[in-house]
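Commentary on secondary and tertiary structure
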Amino acid sequence: MAQTKNSELLKNPLNLNNPITVQVLGICSALAVTVKLEPAIVMAISVTVVTALSNLIISLIRNTIPSRIRIIVQLVVVSFLVILVDQVLKAFMYELDKALSVYVGLIITNCIVMGRLEAFALGNKPLPALLDGIGNGFGYGAILVIVAFVRELFGSGTLFGIQVIPDACYELGYSNCGFMLNPPMALILIGIVIWIQRAKVKELQEK
Amino acid sequence: MNTQSNGYTVVYSAIMVVVVAAALTLIAVGLKPFQQANIDNEKRQNILKSAGIAIEGSVEDSYNKYVKKSYVVDPSGKVIKDDAFKTELSKEELPVYEIDKNGEKLYVVPLKGNGLWGAIWGFASLKADFNTINGVVFDHASETPGLGAEMTQQYFCDQFSEKELFDGQKFVGISSVTKNNPKVKGDGEDPKHGIDAISGSTMTTNGVQAMVNDCLKAYGSFKATISGGKPQASIDEIPDAPESKLTNVNE
């Protein structure tokens, strides 16, 4: 692991080791906040900030952490960062914070964060740990954005709240798919993303 | 140094907690003014929304344009304070916002009550007679999504428009149709007082009914003062609104 190139630390989580589609972590929030693109992107940025900074901090203090309380230390660091993100959102993006509701707080329990701390940050130098955190945040965010794009486009006919499907289509009988707005559709879409990814990427195919 | 010893572990966690707590305190204090500004803006937005006014430009500009004055009255209807914005609704202090909606005079008053799981609140706008409801907005802390949480939806709030609080001098308020009081007529049959409850949310609807009736009833003496008459001697003279029976849990 320590020999992995830095560029791969950034690239792998986007595809070969994607936290959502390959490790199947963090599904809960991915289902909940992907109805619209804007909250999905804010959520993606929030998770990226938390994974990156918590990886960095834990990696910096990794040699001082008593191993018996290392999970507690990780939790304190993660909680600290999540509260920080939540407070900043409340101050500067109040509407979005309300839209994300409990899911910002639930980043604390997002398995991606704890998973990367345990598996990577505790045993690696700060720079690779930071890159690993950013990579995993982006990998999570990429899936969120893909799912939110499809759900908002077909569910509401908008992107970032701006109508993109012309009125003419509605007059011809096209209507928005209400099912897209429901959580089950997010699960199905993630399933489809996993399907497409596995069909394209040979390394992920089971023999 | 032995990072596994008990002493080290205790000291380590103590220092960690102090450092993190100090940092969080600093952040919370530093961001407080921005957060408060957001909360205030949401309140302004809700006041305007209850009056059916769409926000143009910034919330603050619209608020200053439409809300002509605000004051706090006591239960006998006497004005005791100017500028109601910072005053929370309580038994002794009843805030009133006067709105001029393109020539139409509206009174907006805050509502506060209890739902099934937690606090519910909102604003009601009343027409110049302080009797007819113009519109309402509701919000809640923790009602069940899909059931009680529907109270914030437009279709539920719309029912309150054009409802009347008083029947002559008597406070009647609104009453909702639920399984327990089938004698009450709903929105369709009783356009003056009837509200259709949210299906499966008897407790939340009862909470909304009690909130609207209790909070608006408290303004009874204030209504008497603005409708030209002398203030009523005491709020107790106004007969009780029909009690809602809180016996059935449908959620």
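All values reported here derive from a predicted model rather than from experimental measurement. (Residues numbered from 1 in each chain as written. Chains lettered and ligands numbered in written order. Predicted model: local features only at pLDDT ≥ 70, side-chain atom pairs only at ≥ 80, totals over all residues. Heavy atoms only, no water.)

What follows covers the overall build of chain A. Along the backbone of chain A there are 10 helices and two strands. The linear arrangement of helices and strands in chain A, starting from the amino end, is α-α-α-α-α-α-α-α-β-β-α-α. Computed over its C-alpha atoms, the radius of gyration of chain A comes to 18 Å, within 12% of the 17 Å expected for a compact globule of 207 residues. Overall size of chain A, expressed as C-alpha extent along the three principal axes, is 65 × 50 × 25 Å. Residues counted as buried form 45% of the 207 residues belonging to chain A. Put simply, of all contacts in chain A between residues at least 6 apart along the chain, 73% involve residues at least 24 apart. Total accessible area on chain A is roughly 10100 Å²; 69% of this is exposed by carbon and sulfur atoms. If the 15 positive side-chain charges of chain A are averaged to one point and the 12 negative ones to another, these points end up 13 Å apart. (Helix = DSSP H or I, 4+ residues; strand = E, 2+ residues; numbered from the N terminus. Rg over C-alpha atoms; globule rule 2.2 N^0.38 Å. Buried < 20%, exposed > 50% of the residue type's maximum accessible area, 1.4 Å probe, protein only. Contact = heavy atoms within 4.5 Å. Areas by Shrake-Rupley, 256 points an atom, 1.4 Å probe, with all protein chains shown as cover. Lys, Arg positive; Asp, Glu negative; His and termini not counted. Charge placed at Lys NZ, Arg CZ, Asp CG, Glu CD.)

A few words now on the packing of helix 3 (residues 37-60) of chain A against helix 4 (residues 70-92) of chain A. All names here are of chain A. Closest axis-to-axis distance for the helix 3/helix 4 pair is 10 Å, and the angle between their directions is 145°. Helix 4 is crossed by helix 3, and the crossing has right-handed handedness. Contact with helix 3, carried on its side by Val42, Ser46, Val49, Val50, Leu53, Ser54, Ile57 and Ile58, involves Val73, Gln74, Val77, Val78, Leu81, Val82, Val85 and Leu89 of helix 4 and no other residues of that element. Split into classes, the residues belonging to the contact of helix 3 with helix 4 amount to 13 nonpolar, three polar and no charged. (Axes fitted to C-alpha atoms, helices over the stretch in contact; angles between N-to-C directions. Left-handed = near helix turned anticlockwise from the far one by under 90°. Nonpolar A, V, L, I, M, F, W, Y, C, P; charged D, E, K, R; others polar.)

Tallying the contact residues gives 22 residues for chain B and 21 residues for chain A. For the pair chain B and chain A, the summed buried surface comes to about 1900 Å²; carbon and sulfur atoms form 64% of the total. Scanning the region where chain B abuts chain A turns up two salt bridges. For the interface between chain B and chain A, the tally reads 10 residue pairs in polar contact (both at pLDDT 80 or more). (Buried area = accessible area lost by both parts, 1.4 Å probe. Salt bridge = Lys/Arg side-chain N within 4 Å of Asp/Glu carboxyl O. Polar contact = N/O pair within 3.5 Å; in protein donor to acceptor, adjacent residues only side chain to side chain.)

Turning next to the sheet that holds strand 4 (residues 104-114) of chain B. Residues and elements named next belong to chain B. The six strands lie next to each other as 2-1-3-4-5-6, forming an open sheet whose pairing is antiparallel. Each end of this open sheet is capped by a strand with a single partner; those strands are strand 2 (79-82) and strand 6 (133-140). Strand-to-strand twist in this sheet, taken as the mean axis angle between neighbours without regard to direction, amounts to 25°. Sheet analysis places strand 4 next to strand 5 (residues 119-127), joined by nine bridges and oriented antiparallel. Within the sheet, the bridge partner assigned to Pro110 lies in strand 5 and is Phe123. Helix 1 (residues 6-50) rests against strand 1 (67-73), strand 3 (94-101), strand 4, strand 5 and strand 6 of the sheet, and its axis sits at about 145° to strand 6. Set on the sheet, helix 2 (residues 59-66) makes contact with strand 1 and strand 3; between it and strand 1 the angle comes to about 75°. (Pairing = 2+ DSSP bridges.)

All names here are of chain A. Note that Thr158 resides in strand 1 (residues 158-159). At 2.9 Å, the side chain of Thr158 forms a polar contact with the side chain of Glu152. Ignoring sequence-local partners within four residues, the contact set of Thr158 consists of Glu152, Leu153, Gln163 and Val164.

Residue and element names in this part refer to chain B. If you walk through the whole model with that rule in mind, you get 15 aromatic pairs over all chains. We note Arg44 situated over the ring of Tyr63; from NZ or CZ to the ring centre the distance is 5.5 Å. Sitting over the ring of Phe85, Arg44 keeps its end group 4.7 Å from the ring centre. (Phe/Tyr/Trp six-rings, centres within 6.5 Å; stacked < 30°, edge-to-face > 60°. Lys NZ or Arg CZ within 6 Å of the ring centre and 35° of its normal.)

To continue, consider unusual backbone geometry. Residues and elements named next belong to chain B. For Asn102, which is not glycine, the phi torsion reads 50° and is therefore positive. Here Asn102 lies in the loop between strand 3 and strand 4. A relative accessible area of 68% places Asn102 in the exposed class. Despite not being glycine, Phe130 has its phi angle at roughly 55°, a positive value.

Taken as a whole and judged by the stated rule, the model has 10 salt bridges over all chains. Put simply, Arg116 of chain A and Asp132 of chain A hold a salt bridge, and the shortest N to O gap is 2.9 Å. Note that Arg116 of chain A is positioned in helix 7 (residues 111-119) and Asp132 of chain A in helix 8 (residues 126-156), a separation of 16 residues in sequence. Assessed through its relative accessible area of 3%, Asp132 of chain A is described here as buried. Among the salt bridges present, the one from Lys112 of chain B reaches Glu88 of chain B, with a minimum N-O distance of 3.9 Å. Pair noted here: Lys112 of chain B is in strand 4 and Glu88 of chain B is in the loop between strand 2 and strand 3, with a separation of 24 residues, a long-range link.

This part covers a nonpolar patch on the surface. All names here are of chain A. On the surface, a cluster of nonpolar side chains totalling about 520 Å² of accessible area is made up of Phe179, Ile188, Ile192, Trp195 and Ile196. Within the fold, Trp195 resides in helix 10 (residues 183-200). In this structure Trp195 comes out as exposed when scored by relative accessible area, which is 63%. (Patch = residues over 30% accessible without salt bridge, like charges linked within 9 Å, V, L, I, M, F, W, Y side chains within 5 Å.)

Residues and elements named next belong to chain B. As defined by bridge partners, strand 1 adjoins strand 2 across three bridges and the pair is classed as antiparallel. The residue of strand 2 that forms the bridge with Val73 is Val79. The turn joining strand 1 and strand 2, which pair antiparallel and follow one another in sequence, is formed by five residues; a positive phi near 95° is taken by Gly77.

Assignment of secondary structure puts Ser54 of chain A in helix 3. Remark: the alpha-carbon pair of Ser54 of chain A and Pro66 of chain A, spanning 12 residues in sequence, is separated by 17 Å.

This paragraph deals with the confidence of the model for chain B. Residue and element names in this part refer to chain B. For chain B, mean pLDDT is 82; residues scoring 70 or higher make up 89% of the total. In the predicted structure, residues 230-251 sits below a pLDDT of 50 and forms 50 contacts with residues beyond four places in sequence or in another chain. For this predicted complex, the interface confidence score (ipTM) comes to 0.74, while the overall pTM stands at 0.74. (pLDDT = per-residue confidence, 0-100.)

Time to look at the state of the cysteines. All names here are of chain B. On inspection of all chains with the given rule, the structure shows zero disulfides over all chains. Left unpaired, Cys215 is separated from the closest cysteine sulfur, that of Cys157, by 15 Å. What makes Cys215 buried here is its relative accessible area of 8%. (Disulfide = S-S within 2.5 Å.)

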